[in-house]
Amino acid sequence: QVQFVESGGGLVQPGGSLRLSCAASGSIFSIYAMGWFRQAPGKQRELVAAITRFHSTNYGDSVNGRFTISRDNAKNTVYLQMNSLKPEDTAVYYCNALRSLGDSPLYDYWGQGTQVTVSS
């Protein structure tokens, strides 16, 4: 059964940092790439960053150079280190599996997400 459990969000001032975590089902984590997505109010969900099983990565233009995605295959967990946060990063952040970098989410199922709010 597919399961994604996101955590680590919160309220942070502009310029601050947060580290998000997503624990995924072992059966899918060992096979697929993983991605972090976000959805701001009134906007479509967008891919923020993705990482393959072999740690190749790609990033959305708006976060490139500020965010870093990583994964611990032994813990079935993917991380998103977010630095130099901006108010426009405010959103609910989710993770999902991908067949490859840049691909669409593999599952229609989404976890509860974790809220990130960047505000002074």
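For the structure itself, look to the data block above.
Colleague: Help me out: how do you make sense of the nonpolar core in this one?
Modeller: If you look at soluble globular proteins, the nonpolar side chains tend to sit buried side by side. With 28 residues, the main nonpolar core has Met34, Trp36, Phe67, Val78, Leu80, Met82 and Tyr93 as its most contacted residues. Sorting the residues of this core by element identifies β3 (18-24), α1 (26-29), β4 (33-39), β5 (46-51), β7 (67-72), β8 (77-82), β9 (91-98) and β10 (114-118) as the ones contributing at least two each.

Colleague: How should the pattern of salt bridges be read in this particular structure?
Modeller: Note on pairing: side chains with opposite charge can pair once their charged atoms come close. This model, assessed by the stated rule, comprises 3 salt bridges. In this structure, glutamate 46 engages arginine 38 in a salt bridge whose closest nitrogen and oxygen atoms are separated by 2.7 Å. Given the relative accessible area of 6%, arginine 38 is considered buried. As a salt-bridge pair, aspartate 89 and arginine 38 come within 2.9 Å of each other at their nearest N and O atoms. Here aspartate 89, found in the loop between β8 and β9, pairs with arginine 38, found in strand β4; they are 51 residues apart in sequence, far enough to count as distant. One salt-bridge network, in which partners are shared between bridges, spans Arg38, Glu46, Arg66 and Asp89.

Colleague: I keep staring at the sheet that holds β3 and nothing clicks. Help me out?
Modeller: What holds strands together in a sheet is hydrogen bonding between their backbones, with the strands either parallel or antiparallel. With antiparallel pairing, 4 strands are arranged side by side in an open sheet as β1-β3-β8-β7. Single-partner strands in this sheet number two, and they are β1 (4-7) and β7. The sheet shows a mean angle of 15 degrees between the axes of neighbouring strands, direction not considered. Direction of pairing for β7 relative to β8: antiparallel, over a ladder of 6 bridges. If you follow phenylalanine 67 over to β8, its bridge partner there is methionine 82.

Colleague: What is the right way to look at the environment of aspartate 108 in this model?
Modeller: Mapped onto the elements, aspartate 108 comes out in the loop between β9 and β10. A relative accessible area of 78% places aspartate 108 in the exposed class. Each C-alpha atom, one on aspartate 108 and one on asparagine 96, is 9.0 Å from the other, the two residues being 12 residues apart in sequence.

Colleague: What is the right way to read the state of the cysteines from this model?
Modeller: Two cysteines whose sulfur atoms are joined by a covalent bond form what is called a disulfide. Across all of its chains, the model carries 1 disulfide by this definition. Disulfide pairing places cysteine 22 opposite cysteine 95 at an S-S distance of 1.7 Å. Placement of the pair is cysteine 22 in strand β3 and cysteine 95 in strand β9, with a sequence separation of 73 residues. The exposure classification of cysteine 22 matches that of cysteine 95, with both residues buried.

Colleague: Any chance you could explain the sheet that holds β5 here in plain terms?
Modeller: Taken together, 6 strands build an open sheet; the order of strands is β2-β10-β9-β4-β5-β6 and the sheet is mixed. Looking at strand neighbours, the two that pair on one side only are β2 (10-12) and β6 (57-59), the edges of this open sheet. Between one strand and the next, the sheet's axes are offset by a mean angle of 25 degrees, whatever the strand orientation. Sheet analysis places β9 next to β10, joined by 3 bridges and oriented antiparallel. The partner of alanine 91 across the bridge, within β10, is valine 116.

The rules behind the values
Residues numbered from 1 in each chain as written. Predicted model: local features only at pLDDT ≥ 70, side-chain atom pairs only at ≥ 80, totals over all residues. Heavy atoms only, no water. Core = buried A, V, L, I, M, F, W, Y, C linked by side-chain atoms within 4.5 Å. Buried < 20%, exposed > 50% of the residue type's maximum accessible area, 1.4 Å probe, protein only. Helix = DSSP H or I, 4+ residues; strand = E, 2+ residues; numbered from the N terminus. Salt bridge = Lys/Arg side-chain N within 4 Å of Asp/Glu carboxyl O. Pairing = 2+ DSSP bridges. Axes fitted to C-alpha atoms, helices over the stretch in contact; angles between N-to-C directions. Disulfide = S-S within 2.5 Å.

No statement about biological role is implied by the geometric values presented.
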